[in-house]
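Secondary and tertiary structure notes
If you want the building blocks of each chain, they are given just below.
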Amino acid sequence: MPPPFQVREATRSDLPALARLGARLARMHHRMDPRRFFVLPAMEDGYARWLARERRNRGAVVLAAVRPGRGGREQVVGYAYGRIEPRDWNSLRERCGVGIDLLVAPRARRRGVGKALVEALAEGLARRGAPRVVIQVATENPEARAVFARLGFRPTMLEMTRELRPPRRRA
Ligand SMILES: CC(C)(COP(=O)(O)OP(=O)(O)OC[C@H]1O[C@@H](n2cnc3c(N)ncnc32)[C@H](O)[C@@H]1OP(=O)(O)O)[C@@H](O)C(=O)NCCC(=O)NCCS
């Protein structure tokens, strides 16, 4: 039986739904550590603008997972976004694909949508010449870490953050 959802390149008309999901992902990270992950009041607008731009970037892959909704209209239930990044001397990372966003709406989880999005993202990045895909996952997100491990990702880096005091003024 074919899956009840489809993963395809995001269209312009998907962008408002993708932006809502992107803002949700940002707020989720902000709740984990408000000092490390920012959110802005108009997060949806920012995401919509950014993803619209990235959709035109030949090195980027912006995908939507859709399923039939009410009245036969497609309903966006998830998205994935990644792009080709050049060699980075600071992190010693060769030119590769970087997976940036992945989110599946809660009501559509645990049905293979996330896996289909990750596989399609990996395929899109490989088609653009990436030898591997690298992602960052919040340490406070053990579910996502488990999902990525199931999908063949190995842990490679750990980000650590310390707050700084403002420098003292000289008298
Ligand atoms: C992470 C996320 C995208 C997974 O989407 P999903 O559609 O539920 O994932 P799938 O159903 O395709 O599952 C993929 C694999 O992970 C496993 N898995 C899914 N959720 C899991 C969980 N909470 N804990 C452990 N394993 C899990 C599945 O069993 C499956 O493994 P299998 O192929 O061996 O059966 C979804 O939970 C989500 O949107 N989370 C919030 C946003 C987030 O954390 N994004 C990642 C930030 S970088």
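Below you will find a few notes about this structure. (Residues numbered from 1 in each chain as written. Predicted model: local features only at pLDDT ≥ 70, side-chain atom pairs only at ≥ 80, totals over all residues.)

**Details of the packing of helix α1 (residues 15–32) against helix α2 (residues 43–55)**
Definition in use: Interaxial angles span 0 to 180 degrees and are taken between N-to-C directions of axes, which are lines fitted to C-alpha atoms, for helices over the stretch in contact. Going along the chain from the N terminus, every DSSP run of H or I of four or more residues is numbered as a helix, and every run of E of two or more is numbered as a strand. Each angle gets one of four labels, with under 35 degrees taken as roughly parallel, over 145 as roughly antiparallel, 65 to 115 as roughly perpendicular, and the rest as oblique. By the definition used in this description, the sense in which the near helix is turned from the far one sets the handedness, with an anticlockwise turn below a right angle giving left-handed and a clockwise turn giving right-handed. Note on contacts: each residue gets a C-beta atom placed from the backbone, and two residues are in contact if those atoms are within 7 Å. Only Asp, Glu, Lys and Arg are considered charged, only Ala, Val, Leu, Ile, Met, Phe, Trp, Tyr, Cys and Pro nonpolar, and every remaining residue, Gly among them, polar.
The geometry of α1 relative to α2 is characterised by a closest axis approach of 8 Å and an angle of 120° between their N-to-C directions. Taken together, the axes of α1 and α2 lie oblique to each other. Helix-helix and strand crossings are classified by hand; for α1 and α2 the assignment is right-handed. The segment α1 lies against α2, with L15, P16, L18, A19, R20, G22, A23 and A26 engaging M43, E44, Y47, A48, L51 and A52. Taken together, the residues of the contact of α1 with α2 sort by class into 11 nonpolar, one polar and two charged.

**Here we look at the sheet that holds strand β3 (residues 74–85)**
Just so we agree on the cut-off: By this definition, two strands are paired if DSSP reports at least two bridges between them.
With mixed pairing, five strands are arranged side by side in an open sheet as β1-β2-β3-β4-β5. Looking at which strands have only one partner, the edges of the open sheet turn out to be β1 (6–9) and β5 (133–135). Strand-to-strand, the axes of this sheet are offset by a mean angle of 30°, without reference to chain direction. In terms of strand pairing, strand β2 (residues 60–68) meets β3 through nine bridges, oriented antiparallel. When the sheet's bridge partners are listed, A64 is paired in β3 with Y79. Across the sheet, helix α3 (residues 113–127) lies against β1, β2, β3, β4 (96–104) and β5, angled at about 35° from β3, the strand it touches most.

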